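# Structural characterization, general
One-letter residues, chain by chain:
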Amino acid sequence: MKEIQIYCLHPYCHDVNSTLEYMQLSFLLDKHKFIWNEVNPTFLIATEHIYSSPKYRQLFNKLYRNAEITLFFSREAVSPDFNLFDYACGFDYGLTNGDRFVRLPSPIELNPDFVKVTRNDIETTDQAKSELKKKKGFCNFLYSNPMAHPNRDKLFYALSNYKNVDSLGRHLNNVGNKALGYLGHELDSITLKRNYKFSISAENAAFAGYTSEKIVTSLIAHTVPIYFGDPCITDNFNPKCFINCADYKRLEDVVAAVREIDNDDEKWCEMVSAPWQTEEQLKKAEQRQADFRRRFIALFESDVDTIKRRPQGTFVDGYVNQFVKHSVLRTNLLMRIKNRIKCWL
């Protein structure tokens, strides 16, 4: 059994098991012996946190030149920097760079903590009519992050001008009972959404290929998602089961589409009973999952000297040096600011 030394820079990743679980690679534990190496790992796995957290940026700078292979693994809307990394895994739609990039699994496979049901269990309009009778509210808005793409809040306000939209999370809360952030969203989102006919399912970012759990939980709750974010969303989900904001030029047109469905029970029932994925989309998702697994199996089973991909030379070395230099300065500045704030308090 081959020994593979890894280290991952992410708050959820504390050892081998938590890292491979986060990366959805736990199946590799049966193939190889993974060792957690905090000093000179063979594979240094960096995430989007190296750009937002001084702690992980410092660790990245410290370990970067000690690692033989650097891998950027992002489950957020961030594109990889191939001047810094040998390999990357992320959401980017259509990105190809030889063997250096692989897409994450599709949204249903990627979010097992949220997704307990993978296919629509409402298959007829009669079943949808029974579900409609259970709905007590018009539309929900369940978010904690106030720094998302501005279109998310614009959707909330525009729809609120038509009918009351219940904001159930910490952000823009108008119901009094605030959800418990991400953990609360993970545990309660489907239950909370189930009372409503519609759900505002808007991503944090507009990014080709980035689709999170938001539309999935809305579908599982048997609501009609009002979706904004991934312009390639119909690559993953059947357009007959949700309202795609990308299909409309103005917010007013989105509201008009929602109003039309809200006042047409037959149309709502057709959407709620539609398959979430077409047969073609299911096949694409299976292939995407297979490609993801195959690529990591090949990466970890190859001889390290044959898989090094980082460019080397005058300009790229200068680029890397500037990245490390600027990140250290930024980290020191942030630490000074934090210490100064502590003195003021």
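Everything that follows concerns the structure shown earlier in this document.
This report concerns the structure included in the present document. These numbers come from a predicted model, not from an experiment.

### Digging into the pattern of salt bridges
Enumeration over the complete set of coordinates arrives at 16 salt bridges. Linking Asp99 and Arg309 is a salt bridge whose minimum nitrogen-to-oxygen distance equals 2.8 Å. On the criterion of sequence distance, the pair formed by Asp99 in the loop between strand S5 (87–90) and strand S6 (101–103) and Arg309 in the loop between helix H10 (279–301) and helix H11 (314–344) is long-range, its members being 210 residues apart. The class for Arg309 is partly exposed, based on a relative accessible area of 28%. Measuring nitrogen to oxygen at the nearest pair gives 3.8 Å for the salt bridge that ties Glu131 to Lys134. Owing to a relative accessible area of 8%, Glu131 belongs among the buried residues under this scheme. Here the residues in one salt-bridge network are Glu68, Asp305 and Lys308, joined through shared partners.

### With respect to unusual backbone geometry
Glycine aside, the phi torsion of most residues is negative, and most peptide linkages are trans. Notably, Gln24 is not glycine yet its phi reads approximately 60°, a positive angle. Its place among the elements puts Gln24 in the loop between helix H1 (16–22) and strand S2 (33–36). According to the relative accessible area criterion, Gln24 is buried, its value standing at 18%. Located in the positive-phi region is Leu172, a residue other than glycine, with phi close to 55°.

### Things to note about the side chain of Asn140
Relative to the assigned elements, Asn140 resides in strand S7 (residues 137–141). Leave out the neighbours within four places in its chain, and Asn140 touches Val165, Asp166, Leu168, Lys193, Tyr196, Phe198, Ser199 and Ile200.

### Describing helix H4 (residues 125–132)
Every buried residue of H4 is listed here: Ala128, Glu131 and Leu132. Seen along its axis, H4 keeps its buried residues to an arc of 100°; they face one direction. Among the structural elements, strand S9 (196–202) and helix H9 (265–272) are those in contact with the buried residues of H4.

### Let's talk about the pairing of strand S1 (residues 3–9)
Counting buried residues in S1 gives five out of seven residues, a clear majority hidden from the surface. Here S1 pairs with S2 via four bridges, running parallel. Pairing of Ile6 across the sheet is with Trp36, part of S2. For the crossover from S1 across H1 to S2, the handedness is right-handed. Note: S1 against strand S3 (residues 43–46), four bridges, orientation parallel. When the bridges of S3 are listed, Ile6 appears paired with Phe43.

### Structural notes on the packing of H4 against H9
Viewed as axis vectors pointing N to C, H4 and H9 meet at an angle of 110°, and their least axial separation amounts to 8 Å. As far as their axial angle goes, H9 and H4 are roughly perpendicular. For the pair formed by H4 and H9, the contact residues are Thr125, Ala128, Lys129 and Leu132 on the first element and Asp265, Glu266, Trp268, Cys269, Glu270 and Val272 on the second. Among the residues making up the contact of H4 with H9, the classes are represented as five nonpolar, one polar and four charged.

### Here's the deal with the sheet that holds S9
Strand order in the open sheet made by the five strands is S8-S7-S9-S10-S11, with parallel pairing throughout. Here the strands that pair on one side only, and so sit at the sheet edges, are strand S8 (165–167) and strand S11 (243–244). Relative to S9, S7 runs parallel, the two sharing three bridges. Opposite Cys139, over in S9, you have Phe198 as the bridge partner. In the packing of helix H5 (residues 150–160) onto the sheet, the strands contacted are S7, S8, S9 and strand S10 (224–228), and the crossing angle to S9 comes to about 155°.

### Details of the sheet that holds S5
Sheet strands pair via backbone hydrogen bonds, and the direction of the pair is either parallel or antiparallel. Taken in spatial order, the six strands line up as S2-S1-S3-S4-S5-S6 in an open sheet, and their pairing is parallel. Across the chains shown, the open sheet's two edge strands, defined by having one partner strand only, are S2 and S6. Taking each pair of neighbouring strands and ignoring which way they run, the sheet shows an average axis angle of 25°. As defined by bridge partners, strand S4 (residues 69–73) adjoins S5 across three bridges and the pair is classed as parallel. Counterpart to Phe73 in the pairing with S5 is Cys89.

Rules and cut-offs
- Residues numbered from 1 in each chain as written.
- Predicted model: local features only at pLDDT ≥ 70, side-chain atom pairs only at ≥ 80, totals over all residues.
- Heavy atoms only, no water.
- Salt bridge = Lys/Arg side-chain N within 4 Å of Asp/Glu carboxyl O.
- Helix = DSSP H or I, 4+ residues; strand = E, 2+ residues; numbered from the N terminus.
- Buried < 20%, exposed > 50% of the residue type's maximum accessible area, 1.4 Å probe, protein only.
- Contact = heavy atoms within 4.5 Å.
- Arc of directions from axis to C-beta.
- Pairing = 2+ DSSP bridges.
- Right-handed = clockwise from strand over helix to strand, strands pointing away.
- Axes fitted to C-alpha atoms, helices over the stretch in contact; angles between N-to-C directions.
- Parallel < 35°, antiparallel > 145°, perpendicular 65-115°, else oblique.
- Nonpolar A, V, L, I, M, F, W, Y, C, P; charged D, E, K, R; others polar.

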